[in-house]
Amino acid sequence: MAFNTLKVENFLRRVSAASIKKYATASEAVQVQEEPPVHFRTAESNPVNHTTQHQERFYTIPNDVYKKLYSGGGLPKEFMKQVKTFNECCFLTRSPTIEILSYLRNTNYNKPVNRYVLYGPSGCGKTLSMAHILHYGLATQKVLIHIPWAPNWFRHPKEVANSTTREGYVDLPIDAAAWLIHFKNQNSQLLEQLKLTTDKEYTWSLRESTPRGVPLMQLIDLGINRVRYASEIIIALTSELKEASIAGKCQTLVMIDGYNIFFTDRTRVFTDAKAMVLPDKVSLTIAALEMTKYDWCNGAVVVSVDQLAVGGKKESDLPRLLLGKAGFEHLDPFMPVSVNPYTDSEFYNVMDYFKDRRWVRNCDDEGLQELKLLSAKNGFKLMNLCAAL
Amino acid sequence: MSIITRLGVKNTREIARISSLTSSFATQSEPPSPVAPDEFRVLKLRPDPVQERQKREIRRTEVPPPRSTQMKFDQDWGSVWPAARSFHPATVPLPVRQGYPLKNAAPPNKYGNAELMKIPNFLHLTPPVVTKQCEALKKFCTPWPAGLETDEKCEKHFPVEVLTSDYCYSSPTIREPLARVVTIRLKLSTLNLDQHARDKLLRLVGDRYNPEDDLLTITSDRCPTRKQNFEYIEYLLTALYHESWRTEPWEAEKSEADMEYYDWDKSKSRDGLITLYCWPEPPIDNDYETIPHATEYKIAVSDLINNGEDEYSLNKYKEAVKNMLFLEGQEKK
């Protein structure tokens, strides 16, 4: 037990230290402003204004936003490396993003939330599309409930503990606390502005409880400090945010990457008796599924389904297969949005961007053609191929 | 030895014994020369020349030239080759060749060609012969029944097809056990079935139904004679039909997992849609007709799940959802 608490404390110290470091502004690289306009870039860095006229062009994410949104995950590792190398974070504005943004702008927010499901082959940009939409959520002052890569909880759980309040459920305390930190990083400013308070009284144990009318930030801090209750606090937090959204106090954007893991039949979460725990017996799943239900308004749900989330063993990338029967029934009716490989013009813009960053040199038309064929216009493959050029 | 032979005849008796012993040593055993009994036999140092044996005369049957060389071009081929038989090079007036050719050579010609004899031929079924045989058979035919001119009409009036096999061969018995097997085939669409009856019938017949051509095939070989088998099949078909129409009390227990197809009207999707549409109030009635574009959505979901998921069905679903949920907001704009 003592060892466990030590471990937890160590981990949290590490996490907070890392995040504090990321939030520090002292060592920030100097941004070069006023770059000359080029055909593959757009100066419009506010995703609220992104429409089809910005399509197929790169827009730059301000450094503070980049640190705020993606320091706890949300971008692929290789892409993060590239961002560091290029000294700027640029997203390609692509048609699935534009499509979802137009829906988000035109939705009637008094109606139940609409669910959007991004699907497509691996490496084509589902996660980056979600990152773009996340930026939109930040720009439109939405509370962001962002699970960067849900399969991490079920495939590499840091610690598994039996739930004290729910019979037969297990908690993932450290993962839950880490997510609360991520949530806090993304939303602290907005939550302070909104002044949301708890609507119910919560009892965590005999001695510890949270009364009504406590600011949500306090609840989150409790979860970070008292790791044992982190999972329960996430459930409480999501239900509070749901109630607040229904009451019209805030707008909430739920984004979950690798959503189909919640309906899989194989996890690496094991109980003390070495019995596999299915996702529906993990308390974090309750929160995720509650947030993706239709029974609230003033919000939107964007999830992605991915082959990689379930080990890449399914025979297609289409959402009905990946979600399975239970998942489909849970999300139905949803809006499937496909993320496809680059179009030709997108491919050339990406290559121009790489040339502009001096990442690719001496690549003539023949080389471009070869890269196009080798990568099959898949963004991830293209990035890997260009790494050696 | 010659000394011994020169001894007097007096001694011949005694010597004969020796001679018979020694004769085996003689290099040439001479046939007993015709010598008078009182005379000495003549020693022949050089044997008589061997008479030449008369050679047996080999009789060669005279092979006539191939028959095909004498054929007239307007002969009656049907009488040359009246029935099915193996290929015969001299009878067939065609320069056919078959077989694996040697290098730089043409395929082997028809003489002594086993390849040509192996394969079955239809030289007895040339068009004029067929015509002639049909002409000969015509007098046994009856006119085609009126009203059955086309296949469609035949299928309409005689939906059940009965298949049996007759066997014909020369052997001590003319009975063939396989002749008792009876098969019937009919299109399921010709039976008068509603949705429940059709589903039940399909479950009862199992793999005897082929959904590709809608054919139901029932075979019976359990009875000893063809007539009995046929009657048994008639019984089976009748029983199947009436059993399908009957609804048993336990059929009400059929749950979603037992459904043979996705029924949107009984699915969670329908309940979800109605509650979603009525939200935040709980749903009042169970009617989805009031929801705009719900029928389109229903068809899209059913197609997506019944026909399998692909880009086309998914896009259809997407359009249906868009029309149902998103149109309002877009109109507002």
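Residues numbered from 1 in each chain as written. Chains lettered and ligands numbered in written order. Predicted model: local features only at pLDDT ≥ 70, side-chain atom pairs only at ≥ 80, totals over all residues. Heavy atoms only, no water.

S.K.: Mind showing me how you'd approach the sheet that holds strand β3 (residues 114-119) of chain A here?
M.R.: Across a sheet, paired strands are connected by hydrogen bonds in the backbone, their directions being either parallel or antiparallel. Residues and elements named next belong to chain A. Strand order in the open sheet made by the 5 strands is β4-β9-β10-β3-β11, with parallel pairing throughout. Two strands bound the open sheet, and with one partner strand each, they are β4 (143-147) and β11 (334-338). Each strand axis lies, on average, 15° off the axis of its neighbour in the sheet, ignoring direction. As paired strands, β4 and strand β9 (residues 252-256) are joined by 5 bridges and run parallel to one another. Bridged to Ile147 within β9 is Ile256. (Pairing = 2+ DSSP bridges. Helix = DSSP H or I, 4+ residues; strand = E, 2+ residues; numbered from the N terminus. Axes fitted to C-alpha atoms, helices over the stretch in contact; angles between N-to-C directions.)

S.K.: What's the story with the interface of chain B and chain A in this structure? I'm lost.
M.R.: Often the size quoted for an interface is simply the accessible area lost on bringing the parts together. Facing the 28 residues of chain B at the interface are 29 residues of chain A. Across the interface of chain B and chain A, roughly 2500 Å² is buried in total on both sides, 61% from carbon and sulfur atoms. Taken together, chain B and chain A are joined by 2 salt bridges. Across the salt bridge formed by Lys318 of chain B and Glu99 of chain A, the nearest N and O atoms sit 2.7 Å from each other. For the side of chain B that touches chain A, the secondary-structure elements that each account for two or more residues are α9 (268-278), α10 (294-306) and α11 (311-332) of chain B. In terms of residues, the side of chain B that touches chain A owes the most to one element, α11 of chain B, which gives 13 residues. The residue makeup of the side of chain B that touches chain A, split by class, is 13 nonpolar, 5 polar and 10 charged. (Contact = heavy atoms within 4.5 Å. Buried area = accessible area lost by both parts, 1.4 Å probe. Salt bridge = Lys/Arg side-chain N within 4 Å of Asp/Glu carboxyl O. Nonpolar A, V, L, I, M, F, W, Y, C, P; charged D, E, K, R; others polar.)

S.K.: What is the right way to look at helix α5 (residues 126-139) of chain A in this model?
M.R.: Spacing of three or four residues puts side chains on the same side of an α-helix, whose turn is 3.6 residues. All names here are of chain A. Between the first and last C-alpha of α5 there are 20 Å, a value that for 14 residues agrees with the 20 Å anticipated at 1.5 Å per step. A large share of α5 lies buried, amounting to 12 of its 14 residues. For α5, the complete set of buried residues consists of Lys126, Thr127, Ser129, Met130, Ala131, His132, Ile133, Leu134, His135, Tyr136, Gly137 and Leu138. Positive phi appears at Gln141, one or two residues downstream of α5, with a value of about 60°. (Expected span 1.5 Å × (residues − 1). Buried < 20%, exposed > 50% of the residue type's maximum accessible area, 1.4 Å probe, protein only.)

S.K.: I would appreciate a short explanation of the pattern of salt bridges in the present structure.
M.R.: A pair can form between side chains of opposite charge whenever their charged atoms are brought close. Residues and elements named next belong to chain A. A full pass over the atoms with the stated rule returns 35 salt bridges over all chains. Taking the shortest distance from any N to any O, the salt bridge between Arg41 and Glu88 comes out at 3.0 Å. Of this pair, Arg41 sits in the loop between α1 (2-23) and β1 (58-61) while Glu88 sits in the loop between α3 (77-86) and β2 (89-92), placing them 47 residues apart in sequence. Arg41 sits in the buried class, given a relative accessible area of 11%. Looking at Glu88, the relative accessible area reads 8%, which means it is buried. A single salt-bridge network, built from bridges that share partners, covers Arg41, Glu88, Asp356 and Arg357.

Function cannot be inferred from these measures alone, as they are strictly geometric.
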